[in-house]
Amino acid sequence: MVWPFRSRPSRVDPQVRFERFRDLLDLNASLLRRIAEAEEMLGGEFVFDRQYLIDLAEELSHGMDDVVVDLNAVCGNRYLSLTDAVERVRSAIRADLEGRPCSADAELVLPLSRIEAEMDCGVGAKAVRLAELRRRLDVNVPPGFAVTVEAWRRFVEAAGPGVDAAKILATPIPREIERAIRRATAELAREAREASGYAVRSSAYGEDGERSFAGQFRTLLNVPAEGVPAAWREVVASFHAPAAEVYRKRHGLDAETSGMAVLVLPMIEARAAGVLYSLDPAFPDADRIVVAAAPGLGLTAVEGGAVDRFDLSREAPHPLLARAIAEKRERTVPAPGGGTRREEIPEGERREPSLTEKDLARLARLALRIERVLRFAVDLEWAVDPEGTLHVLQVRPLLFPEHDPVPVVSVEETRRRHRVLLEGEGEIACRGIGAGEVVVVPAFEECPRFPAGAILVAREATPLLAPCVARAGGVLTDSGGTASHLGTVAREFGVPAIFGTGRATRVLAPGTVVTVDAEEGIVYEGEVRELLRRQLLTPPPVENSREFRILRKMLRRIAPLNLVDPSARTFSPEGCRTYHDVLRFAHEKAVESLTEAIGRHGRSRNPNLVRLELGVPLDLYVLDTGGGLRPGPRGDRITPADLACVPLKYLVEGLTEPGVWARSPSDLDLRGFMSSALRGAAVSSTVGGKVERNVAVVTRDYVNLNLKLGYHFNVLNCRLREDPGENHLFFFFVGGVTEMERRARRAALIGWLLSARGYTVETRGDLVVGRLAHVPAEKLAEEMRVAGRLIGFTRQLDVHLRSDEIAEEYMRAFLEGKTGPEISSGESADAGGEA
């Protein structure tokens, strides 16, 4: 975009500033709604094409340009550099649309512990799935790291034009890449202490997806630590080998839109190893699991050597249906000094099964757990060590040869065969089919260690449940909407979810098995195998489409909010990593610009600034930017009856509820007194130090409230309209009078209470940041009342929180609707509030 010639801060007429501020609020609401709609597209309910992605990118791009223009109109061209942040995000989205592989934030190496689902373009699907299993299930996946596509790209650039396998092998590894690989290998050696060597294998972008690339790339086993960089180069060279080039051309792919990442894992000393198919690839309608196993390392199984075959029932306890035991003359084992060697098997052991029936049953249970969570039939590579521990080395979707279409069972037929427990109640947050035992999580409790594949049932769609969702086979709630944070998490992990059923916790008994059909919005009693089988054989086409994957990548640049703390050094144009960050920064700085000119005493010179008389010991001024006060003559003081600002009226109702606002001073013990004396007035600089009085910036449907109450700060930002898509509530709290231990207890208490009410919450020390978005007007009105109560309830509460037990007592009291500090029997003598 082209900016006016003037770049220095300039004075702006107050009325013009107010108009542009209102424009900025409208833009903020409409763009956040557009982002939320795009996130809901990942639920699988809607089909979209490439034109939708282009239109989304263009609409958001133009909107962000307008945000920057409006912000600088309000702030006198103070934040022109925000244009650079918008351009960074815009360029990344453009690369996603053009199909260029991402760079995983330009890092050369990423440990599995840091790899997330959307990083497949930087580390490949093989690494992403292993990381996902480590994160979502209690599965023994070795630690490891990926050398990213970005490392491959830099190496190819260093090799120069005309790259082929021979040229790659002849090119020295760039120093920065070799150092990164050696550092990661040393860290992995410390984590996997007994590793004798390392497996170095391909994890190319596009591999193990719609195309398997089976046998196209090198795998090197038992590589010594010092040889890992050279082994990485060999795997990279195989990406440029003639056979791999032919394979890509045959399938309409090219090197530029793929890219080679490489996975490094510690070697597992294997008693036996092999592959498992959770359905028989040749006869997918047969209800059986197929296992191929061989003694030693898994090379024998994957390279077509003599292996034992076992067919197991998919029904627990997974009895053996058939077996074929091969004569196994040799096994592959690690060689001293690196690599592998063939070792002769004693003649008396050659016809022995590679696995016991106990091993096989464990394998079957593991495969079905993984299948239930990933929602596709799986092809597993596994190993069993000498102690009998089962390790997963690779997981990918099981590809089937051409077969007859899966029979479609009508809803009417399914309803006739199976008892319906819920139907047509609530909203589908993420489509799919899931089955498992019901686990009811009590209201306002943090998520327990959740059983993998179970059906999560809860009253509220609260973010407290987010850690459970990744492990769940399905999610059902009594209340909550699809645009909630929990809905976003369900879509991120592809977990079937129905929210707002109204009665799931009453209808579904803990421990019963149910099937959640989040395609039709029905919950059945028992396991409906025909639905589950159909899902395994026909993965949702939307989720596998190129457009779907591109949208997920785009939303990584658009939706996450990284800027939450206005006092942080990173709260700057340079710290904006997503479009959501840009919106947050622009909004915060626009409000700050409007309020910073307010004088320390009296009405200042702003006729739109009035004092709100509340009947509680709180000096609060209201700055009306348009429509926030009732029309008509007024002086410099108003009462709540003069308010036209809808969210502020609800907040005031809670803030002035009888008993909320304690008037007596708090008694400090010696520790608290010394802490307050040392902290002094320097705390006022915690949040910028710009606003010296309590002020609410308002329109009819918007309020931004800045409160400095003694030694702590509250910032509350809310827009309340009839359209849920435009509604949001932002709650910020920091500070306190006592030592950090008590301040942190208060922050944890506030954070927990907000989480229990559906907020997305971040706490750090005495800092709390809570966000609530896209909720109905009546719900948001109630949340504003509760926020008002919470502001009064927690004022100087840190003085009383001498132990975790006392904090829990206050937390329970707030949930029960009790109002003042006198609720704690042991604390009533210390009741008080902040001046």
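Note that this is a predicted model, so its numbers are computed, not measured. (Residues numbered from 1 in each chain as written. Predicted model: local features only at pLDDT ≥ 70, side-chain atom pairs only at ≥ 80, totals over all residues. Heavy atoms only, no water.)

1. Quick word on the pattern of salt bridges
Inference 1: Tallying each qualifying case throughout the model produces 58 salt bridges.
Inference 2: R33 is the salt-bridge partner of E37, the closest N and O atoms lying 3.3 Å from each other. With E37 and R33 both in helix α1 (residues 14-40), this residue pair falls four residues apart, about one helical turn.
Inference 3: Its relative accessible area of 33% is what places E37 among the partly exposed residues.
Inference 4: With a relative accessible area of 30%, R33 lands in the partly exposed category.
Inference 5: Across the salt bridge formed by R431 and E519, the nearest N and O atoms sit 3.1 Å from each other. Of this pair, R431 sits in the loop between β15 (427-430) and β16 (433-441) while E519 sits in the loop between β20 (513-517) and β21 (522-525), placing them 88 residues apart in sequence. (Salt bridge = Lys/Arg side-chain N within 4 Å of Asp/Glu carboxyl O. Helix = DSSP H or I, 4+ residues; strand = E, 2+ residues; numbered from the N terminus. Buried < 20%, exposed > 50% of the residue type's maximum accessible area, 1.4 Å probe, protein only.)

2. Focus: the packing of aromatic side chains
Inference 1: The final tally for this structure, using the stated rule, is nine aromatic pairs.
Inference 2: The interplanar angle of 35 degrees and the centroid separation of 5.2 Å between the aromatic rings of F155 and W232 together place this pair among those described as tilted. With F155 in helix α5 (residues 149-159) and W232 in helix α8 (residues 228-239), this residue pair connects regions lying 77 residues apart in the sequence.
Inference 3: On the basis of relative accessible area, W232 is assigned to the buried category, the value being 1%.
Inference 4: Consider the rings of F571 and F585, whose centres lie 5.7 Å apart with planes at 35 degrees: the pair is tilted. (Phe/Tyr/Trp six-rings, centres within 6.5 Å; stacked < 30°, edge-to-face > 60°.)

3. With respect to unusual backbone geometry
Inference 1: The omega angle of the peptide bond from A316 to P317 is 5 degrees, so this bond is cis rather than trans.
Inference 2: Locating P317 in the fold gives a position in the loop between β8 (308-313) and β9 (320-324).
Inference 3: Phi is positive for H318, which is not a glycine, with a value near 60 degrees.
Inference 4: By the element assignment, H318 lies in the loop between β8 and β9.
Inference 5: With a phi close to 65 degrees, R375 is a non-glycine residue in the positive phi region.

4. Here we look at the state of the cysteines
Inference 1: Summed over the entire model, instances satisfying the criterion amount to zero disulfides.
Inference 2: Cysteine C645 is unpaired, with the sulfur of C718 as its nearest cysteine sulfur at 8.1 Å.
Inference 3: Given the relative accessible area of 0%, C645 is considered buried. (Disulfide = S-S within 2.5 Å.)

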